[in-house]
Amino acid sequence: MFGNRLKALREDNDMTQEQLSTYLHISRSALSNYENEIREPEFDLLIKFANFFNVSLDYLLCRTNIRIPYSPLHK
């Protein structure tokens, strides 16, 4: 499920795998493996994904359908 969510976020932002992987300093093949759920990213990379797309980790990990990160919810 995470892979589908990650791919959807990337596509919603009109980005290619190459563009996102370059921005995050990972290989395109690593990103492809995450999107296809062949591999799981380390925690620090999950945070980078969430920060880049401005979504919560819970949204990124399919625990909720609310995209808003935690901090804006509590201001």
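For the structure itself, consult the block above.
Rules used throughout
- Residues numbered from 1 in each chain as written.
- Predicted model: local features only at pLDDT ≥ 70, side-chain atom pairs only at ≥ 80, totals over all residues.
- Heavy atoms only, no water.
- Helix = DSSP H or I, 4+ residues; strand = E, 2+ residues; numbered from the N terminus.
- Buried < 20%, exposed > 50% of the residue type's maximum accessible area, 1.4 Å probe, protein only.
- Axes fitted to C-alpha atoms, helices over the stretch in contact; angles between N-to-C directions.
- Parallel < 35°, antiparallel > 145°, perpendicular 65-115°, else oblique.
- Left-handed = near helix turned anticlockwise from the far one by under 90°.
- Contact = heavy atoms within 4.5 Å.
- Nonpolar A, V, L, I, M, F, W, Y, C, P; charged D, E, K, R; others polar.
- Polar contact = N/O pair within 3.5 Å; in protein donor to acceptor, adjacent residues only side chain to side chain.
- Arc of directions from axis to C-beta.

## Description of unusual backbone geometry
Glycine aside, residues mostly have negative phi, and peptide bonds are mostly found in the trans state.
Part 1: Positive phi, normally seen in glycine, also occurs at Asp-14, with a value near 50°.
Part 2: Tracing the chain through its elements places Asp-14 in the loop between helix H1 (2-12) and helix H2 (17-24).
Part 3: Taking the relative accessible area as the measure of exposure, Asp-14 reaches 69% and is therefore exposed.
Part 4: Positioned with a positive phi, Asn-54 is a non-glycine residue whose angle comes to about 55°.

## Here we look at the packing of H2 against helix H4 (residues 43-53)
Part 1: As a packed pair, H2 and H4 sit with axes 11 Å apart at the nearest point and diverge in direction by 115°. Between H2 and H4, the angle is such that the two are roughly perpendicular. Of the two possible hands of crossing, H2 and H4 adopt the one that is right-handed. For the pair H2 and H4, contact is made by Leu-20, Tyr-23 and Leu-24 and by Lys-48, Phe-49, Phe-52 and Phe-53, respectively.
Part 2: Looking at the contact of H2 with H4 residue by residue, the classes come out as six nonpolar, no polar and one charged.

## Some words on the side chain of Gln-17
Part 1: Structurally, Gln-17 can be placed in helix H2.
Part 2: Given a relative accessible area of 17%, Gln-17 falls into the buried group.
Part 3: At 2.8 Å, the side chain of Gln-17 forms a polar contact with the side chain of Glu-35.
Part 4: Leaving out residues up to four positions away in the same chain, Gln-17 has contacts with Arg-10, Arg-28, Leu-31, Ser-32 and Glu-35.

## A look at H4
Part 1: Turning to H4, its buried residues number three or more, namely Leu-45, Leu-46, Phe-49, Ala-50 and Phe-53. With its buried residues spanning 140° around the axis, H4 presents them on a single face.
Part 2: Where H4 is buried, its residues meet H1, H2, helix H3 (28-35) and helix H5 (57-60).
Part 3: Backbone geometry just downstream of H4 places Asn-54 in the positive-phi region, at approximately 55°.

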